[in-house]
Amino acid sequence: QVQLVESGGGLVRAGGSLTLSCAASGSFFSINNMGWYRQTPGNQREFIAVITRDGSTNYADSVKGRFTISRDNAKNTVFLQMNSLKPEDTAVYYCNAGVVFTQTRSSAYWGQGTQVTVSS
């Protein structure tokens, strides 16, 4: 059983900062890509950022230059540092991880989501 547990969401004023964390636990060999997505009511889940195991990153244009993704492989944890937050960043944020069990078996897992609300 693999679990992704997110933390760090909350209410912040526009221009402020928040850091989200997502820790993976359970029995597995390793984790490949880890990423963050967000979703607002009535909309599809939107890609925010991804980081590979060796630290390569990619960002959505909407957050490039404001958000930074990082990870701690020893702790199976991914972070999302969010700066210069805007009201349009308000959403439920989900982490995603590509969990490897064997050379031939891997699965994607999602966290439960954490609410980020940015007031104007």
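Located above this text is the structure these notes cover.
This one's a predicted model, so the numbers in the text were calculated from it and none came from an experiment.

### Overview of the state of the cysteines
What makes a disulfide is a covalent bond joining the sulfur atoms belonging to two cysteines.
Alright, step 1. The full count for this structure, using the stated rule, is one disulfide.
Alright, step 2. Disulfide pairing places C22 opposite C95 at an S-S distance of 1.9 Å. The disulfide joining C22 to C95 has a torsion of about 40° about its S-S bond and is therefore right-handed. In this pair, C22 is assigned in strand β3 (residues 18–25) and C95 in strand β9 (residues 91–102), connecting sequence segments 73 residues apart.

### A short note on the nonpolar core
Across soluble globular proteins, nonpolar side chains have a tendency to be buried as a group.
Alright, step 1. Within the largest apolar cluster, 31 residues are counted, with the highest numbers of intra-cluster contacts made by W36, F67, I69, V78, L80, M82 and Y93.
Alright, step 2. Taken together, the elements giving at least two residues each to this core come down to β3, β4 (30–39), β5 (46–51), β7 (67–72), β8 (77–82), β9 and β11 (114–119).
Alright, step 3. Ranked by residue count, the leading element in this core is β9, at six residues.

### Some details on the pattern of salt bridges
Alright, step 1. Summed over all chains, the structure comprises four salt bridges.
Alright, step 2. Notably, a salt bridge pairs E46 with R38, separated by 2.9 Å at the nearest N-O pair.
Alright, step 3. E46 gets classed as partly exposed once you look at its relative accessible area, which sits at 32%.
Alright, step 4. Overall, the relative accessible area of 7% leaves R38 in the buried class.
Alright, step 5. Across the pair R38 and D89 runs a salt bridge whose closest N-O atoms are separated by 2.9 Å. Note that R38 is positioned in strand β4 and D89 in the loop between β8 and β9, a separation of 51 residues in sequence.

So, how was this worked out
- Sequence positions are assigned chain by chain, starting from 1 and proceeding in written order.
- At least 70 in pLDDT is required for a residue's local features to be given in this predicted model, at least 80 for side-chain atom pairs to be given and counted, and no such filter applies to totals for whole chains, interfaces and linings, which use all residues.
- Only hydrogens and water are set aside when side-chain values are computed; all heavy atoms of the structure are taken into account.
- Note on disulfides: each one is a pair of cysteine sulfur atoms within 2.5 Å.
- Every helix listed is a DSSP run of H or I at least four residues long, and every strand listed is a run of E at least two residues long, numbered separately from the N terminus.
- Among buried residues, those of type Ala, Val, Leu, Ile, Met, Phe, Trp, Tyr and Cys that are joined through side-chain atoms within 4.5 Å constitute a nonpolar core.
- Any residue under 20% of the maximum accessible area for its type is buried, any over 50% is exposed, and the rest in between are partly exposed; the area is computed with a 1.4 Å probe on protein chains only.
- Here a salt bridge means any side-chain nitrogen of Lys or Arg lying within 4 Å of a carboxyl oxygen belonging to Asp or Glu.

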